[in-house]
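# Survey of secondary and tertiary structure
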Amino acid sequence: MASFSAFNLSERMVSALNKMGYQEPSPVQSSIIPRALRGESLLCQSPTGSGKTHSYLIPIIERIDVNLPRLQALVVCPSRELARQVYEFAKPFEKYYQRLKVRLFTSEEDKSNNQAGLTSAPQLLIGTPGRLKDILIDEYALDLHGIKTLVLDEADMLMEYGYFDDVDAIYTHIGSTPQVLVFSATLQQGLKQQLAKYIESDFLFSGGEDKTSGDVSHHLVDIKHVGNEAALKNFLKIRNPYLCLVFASKKADVRAIYESLRQDDYAVTMYSGDLETRERRATLKKIKENRYQIIVCSDLLSRGIDIQDVTDVISIDLPSELEYYYHRAGRSGRFGKKGDSWVFYNADNTKRAKLLLEQGVKFDYYTLGKDELSVDPVGLAKKKKYTTKKPFEGEEATEIKKLKARNKTDKVKPAYKKKLNWEVERVKNKYRRKAIQKSVNRAKARKYSKENGDE
Ligand code: AMP
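Quick summary incoming for the structure in this document.

Criteria and thresholds
Residues numbered from 1 in each chain as written. Predicted model: local features only at pLDDT ≥ 70, side-chain atom pairs only at ≥ 80, totals over all residues. Heavy atoms only, no water. Near = heavy atom within 4 Å. Polar contact = N/O pair within 3.5 Å; in protein donor to acceptor, adjacent residues only side chain to side chain. Helix = DSSP H or I, 4+ residues; strand = E, 2+ residues; numbered from the N terminus. Nonpolar A, V, L, I, M, F, W, Y, C, P; charged D, E, K, R; others polar. Salt bridge = Lys/Arg side-chain N within 4 Å of Asp/Glu carboxyl O. Phe/Tyr/Trp six-rings, centres within 6.5 Å; stacked < 30°, edge-to-face > 60°. Buried < 20%, exposed > 50% of the residue type's maximum accessible area, 1.4 Å probe, protein only. Axes fitted to C-alpha atoms, helices over the stretch in contact; angles between N-to-C directions. Left-handed = near helix turned anticlockwise from the far one by under 90°. Contact = heavy atoms within 4.5 Å.

Moving on, we come to the site of the ligand. Close to the ligand lie 15 residues, the nearest being Tyr22, Gln29, Gly51, Thr53 and Asp306. A distance of 2.9 Å is found between a nitrogen atom of the ligand and a backbone nitrogen or oxygen belonging to Glu24. Side-chain polar atom of Gln308 to an oxygen atom of the ligand: 2.8 Å apart, as the coordinates give it. Counting residues per element, the shell around the ligand draws most heavily on helix H3 (residues 52–63), at three residues. Of the residues assigned to the shell around the ligand, the class counts are four nonpolar, seven polar and four charged.

See below:
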């Protein structure tokens, strides 16, 4: 089995990693670390939860000269939450590298706090584009000329949020050409063009076709017409997940579901743009301390945030930006653990699920009842409507009506009723024969077209 000692890493790093509980490198780490150690610029598309943060932190820290109090590596993240997470992964290395200094610059803190203590420069700085530009470019707070490595994490999101102007401004102030490491969940053409000015590398690590880790199973759940909240409660009762994220696209839905579950005494919290920054941070901390069974959230939580041991992800709806579905599902099945992603739908609401199927997501199908989650053999295929209407019903009824009218008489002759019934039966038989003939013809036509390859 591969181990970190197989790489060209210092003993100090291997022992630090072991002490932090990292014994074997993940595939993305095996691929990125040796190249990044050589100073190569790299482009990496890898599934969430694959260990990509350490794939750049390890070589960065190895290449830092801890005796030089100068900024040497910069990690740019698209959100405060992601930046904090990277910071929390990087910070423990300080314990093993005595003079290593890691700092975090985001709007989580006042600018003055970020500016404090910069007389001794951090060697590794992590932050969000706006705040980094404010302090590094507008205030000249740190010298950028010693930067050896620039990381653009979740680059597709940096582009989506229009942060590349800030990234450009920072990049042009670095002076010499640094090693650039780009990580992105997706690499659309527009992004590749955007990145061309930073990175010439042809090397692309791609974590495979699946956009989420292969350990996530995807399920479409037909909730019929019971409504999301009731369906969710039935589902939770049946499944009783260990740790579950419930995603809703609208903030109002997040809050409504959260309130409703809280009233039912679930260990539940919510996370969405409705929360103040401080509340978000406190909530995230409690989530990571494993205080809840259920976290109701918006897509704010779907990108990159690492929450350990999520077993189930429920999407009560699908996001209009379908790309977010992959990020939602990727919150579970992290680092080799198994996960399940459940998507609620009903027959009136299948468009986005169909698009995901077209994109290759391998869903299986379930139907949710009050006490049972059962396999649905038909899934999104149109449920066949069985009609009780006979094929010639209209014509048959008219003919019988006419027959009765013709035989209408004031005087009831002997055996009249019997004769009429017999006549009616004859008409019915005629139409029965016609119906049989029609279905035989249909079967013949199907057989013919199959034999001739028309299907
Ligand atoms: P990431 O893809 O960076 O979001 O990584 C997700 C999770 O993987 C984090 O919880 C890390 O602590 C964990 N992780 C990273 N590298 C390793 C490793 N080599 N062995 C075990 N866990 C790891």
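Having seen the model, we can carry on.
Okay, the pattern of salt bridges next. Close approach of charged atoms allows side chains of opposite charge to pair. Per the stated rule, a full pass over the model turns up 28 salt bridges. As a salt-bridge pair, Glu139 and Lys111 come within 3.6 Å of each other at their nearest N and O atoms. Placement of Glu139 in the loop between helix H6 (129–138) and strand E5 (149–152) and of Lys111 in helix H5 (residues 111–115) is noted, with a sequence separation of 28 residues between them. Of the charged contacts, one joins Glu399 and Lys430 as a salt bridge, the two residues approaching to 3.1 Å between their closest N and O atoms. Here Glu399, found in helix H15 (residues 393–406), pairs with Lys430, found in helix H16 (residues 416–451); they are 31 residues apart in sequence, far enough to count as distant.

Attention now goes to the packing of aromatic side chains. Enumeration according to the criterion identifies 10 aromatic pairs in this entry. For the ring pair Tyr161 and Tyr163, a centre distance of 6.0 Å and an interplane angle of 85 degrees mean the geometry is edge-to-face. Centroid distance Tyr325 to Tyr326: 6.0 Å. Interplanar angle 65 degrees. Geometry classified as edge-to-face. Both residues of the pair, Tyr325 and Tyr326, belong to the buried class. By the ring-pair criterion, three or more aromatic residues cluster together here, those being Phe235, Trp342, Phe344 and Tyr366.

This paragraph deals with the packing of H6 against helix H8 (residues 164–174). The N-to-C vectors of H6 and H8 enclose an angle of 35 degrees; their axes lie 9 Å apart at closest approach. H8 is crossed by H6, and the crossing has left-handed handedness. Contacts from Pro129, Gly130, Leu132, Lys133 and Ile137 of H6 reach H8 at Asp166, Ala169, Ile170 and His173. By residue class, the composition of the contact of H6 with H8 is five nonpolar, two polar and two charged.

Fair warning: the whole summary comes from geometry, so function is off the table for now.
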